Amino acid sequence: MSKKTELKAQEEALATALSYPEWKSAAQRHDELSGALRWRQRDQSSLYDFAQIRLRLDRLRALRVKQDYHGLLFTLNEGIHGNMGGMGRNTLYQRSKFGTKTLIEQYIEEISDALVTLAELDDSVISVEEKLDFFYRANICYGRSALMLSGGGVLGFYHMGVVKTLLDQGLLPRVISGSSAGSLVAGIIGTHSDKALERFYDPNLIRHEAEKEAGVLARLFGGGASIDISELRDIIARLIPDMTFQEAYHLTGRQVSITVAPAEPHQRSRLLNAITSPNVFIRSAVEASCAVPGVFPPVMLMAKNVHGEAQPYLPSRRWVDGSIADDLPAKRLSRLYSTNHFIVSMINPLVTPFLKLRGPEDRSRLRKALGDLGVGVSREVLNFYRGIVQKEGDRWPRLNLLVNGVHSLIDQDYSGDVNIVPKFQWRNPAKLLAHMSEQELLELMQAGEQATFPHVETIRTCTRISRLMEQILERFESGDLKPKVLVKRPRMARRRPAPRVVKAA
């Protein structure tokens with residue numbers, strides 16, 4: 001078999017792989033044949049400062065061998081961040097099918113080993129106060145990853161496939177946001193432990209669930225008013241336990257946020273979570289975020305009071321579909337959780353064509369420019385009409401609300417550091433409102449899994465240090481590294497949510 005023929009065979013295997021191990025095997029073989037493996041093994045590249053990274057790697061290794069732990073701590077204090085020498089550049093993770101430069105992977109591994117060494121070092125060498133000061137500060141400076149699930153109607157089952165792959169690989173971020181259809185998936189993730197989530201992916205239960213949802217999901221997210229609000233509540237109640245954001249965080253340790261948009265003009269959207277609205281019921285937040293204007297009435301949020309009873313939250317306000325105002329709330333997540341790396345599962349059919357048009361940064365600058373231009377022109381045209389409508393707001397209240405809603409949709413940033421976008425194209429947007437069969441919903445979830453496979457190693461590499469620091473801090477707070485004597489938490493610890501209380505699953 002010729003190299004060209006075998007390459008084509010491996011590309012076919014990549015496209016049809018049904019499991020990550022199967023995809024990984026094909027990707028590694030493809031890199032061997034294409035020469036990408038040799039590219040990975042060479043340090044040199046104009047895409048990053050390989051000399052700086054090699055220098056720091058050799059220095060860290062030497063300090064560990066000499067057991068110069070104070071020198072190691074000093075060197076790590078000089079800077080731990082994901083873009084050292086440009087090693088976080090997206091292009092470095094697109095050249096090969098599997099992984100990036102071996103030098104980058106070795107450097108990240110050495111940083112990880114050094115962090116564990118310092119954490120587990122005897123307190124007589126470096127005091128626990130110094131360790132805590134370093135790890136809390138490094139955790140904030142380095143940042144964290146977040147998974148953002150977009151709106152997209154019945155395509156929400158695609159998100160379930162994305163989550164399944166990340167969960168299977170131990171890469172599901174603790175910070176998760178969702179709007180509209182994404183809020184339903186975020187609500188499920190945020191209220192179930194890892195063990196409990198396994199039942200959602202049991203083949204028999206998946207088919208049973210898809211069979212039940214096939215008849216209502218299309219109507220739920222915009223297929224007309226034939227489904228009423230009570231049916232929406234029944235669906236949400238069946239999938240999401242009756243708990244507040246704070247209770248969900250105590251159960252799972254996941255920091256879930258749900259976006260809701262105001263039903264009235266001159267109001268701002270809200271990002272509901274265990275920090276901003278700890279006593280709000282997740283069910284009511286999901287109900288509001290799924291309330292598509294014109295299909296469902298605006299929703300009043302509900303919260304648990306001091307007596308454990310449900311009562312209205314902001315009773316004078318009503319809320320609707322969160323994707324209208326802030327589909328991907330990256331800036332708000334960054335302020336609340338120190339997130340600076342974003343994994344986006346994007347299923348909004350109005351947005352995915354632009355993301356595909358832009359493409360990888362090293363493939364076509366023209367395509368990227370055209371994608372940005374399309375969004376920019378749309379914004380400016382809408383701004384013009386918005387100004388006219390706002391002047392006549394009293395005469396045209398419904399049109400004013402409509403234009404403001406469309407403007408909010410366009411005036412958003414829909415991309416992240418890692419963008420997981422469906423390979424299929426919805427040339428007929430009306431299909432979003434049509435009835436979907438059980439088989440089509442199952443295929444959507446499988447498409448989400450397959451679309452995530454090419455991004456797994458990128459996510460694993462780019463989030464390894466932040467995930468490790470989270471684990472180390474948990475060990476200091478409630479695990480085997482917890483100080484035997486009372487130690488005052490550093491000021492930097494205030495930026496980190498309080499340790500969760502683990503309940504029985």
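Keep in mind that this is a model prediction, so the values were computed, not measured.

**Describing the pairing of strand β5 (residues 301–304)**
Burial along β5 is one-sided: Leu301 and Ala303 are buried, while Met302 and Lys304, pointing the other way, are not. With 4 bridges connecting them, β5 and strand β6 (residues 310–313) associate as antiparallel partners. In the strand pairing of β6, Met302 is matched with Pro312.

**Description of the UniProt feature "active site" (unreviewed entry) in the protein chain**
The UniProt entry lists Ser180 and Asp321 under the feature "active site" (unreviewed entry), expressed in the numbering used here. Spatially, the listed residues are clustered: although they cover 142 residues, their C-alpha atoms lie within 5.5 Å of one another. Take Ser180: it is sitting in the loop between β2 (175–178) and α9 (181–190). The buried category is assigned to Ser180, whose relative accessible area is 3%. Considering the arrangement of structural elements, one finds Asp321 in the loop between β7 (319–320) and α16 (323–326). Aside from chain neighbours lying at most four places away, what touches Asp321 is Ser180, Ala261, Ala288, Ser289, Ala291, Val292 and Pro293. Within the structure, the side chain of Asp321 is placed 3.3 Å from the side chain of Ser180, a separation counted as a polar contact.

**Quick look at the pattern of salt bridges**
Applying the stated rule across the entire model yields 23 salt bridges. Salt-bridge contacts for Glu32 lead to Arg29; the nearest nitrogen and oxygen are separated by 2.9 Å. In this pair, Glu32 and Arg29 both sit in helix α2 (residues 20–34), 3 residues apart, roughly one turn of the helix. Asp43 is the partner of Arg54 in a salt bridge, and the nearest nitrogen-oxygen pair spans 3.0 Å. Taken together, the residues Arg54 in helix α4 (residues 50–66) and Asp43 in the loop between α3 (36–41) and α4 connect sequence positions 11 residues apart. When its relative accessible area of 25% is taken as the criterion, Arg54 is described as partly exposed.

Criteria and cut-off values
Residues numbered from 1 in each chain as written. Predicted model: local features only at pLDDT ≥ 70, side-chain atom pairs only at ≥ 80, totals over all residues. Heavy atoms only, no water. Buried < 20%, exposed > 50% of the residue type's maximum accessible area, 1.4 Å probe, protein only. Helix = DSSP H or I, 4+ residues; strand = E, 2+ residues; numbered from the N terminus. Pairing = 2+ DSSP bridges. UniProt positions renumbered as here; feature names shortened; annotations may be inferred. Contact = heavy atoms within 4.5 Å. Polar contact = N/O pair within 3.5 Å; in protein donor to acceptor, adjacent residues only side chain to side chain. Salt bridge = Lys/Arg side-chain N within 4 Å of Asp/Glu carboxyl O.

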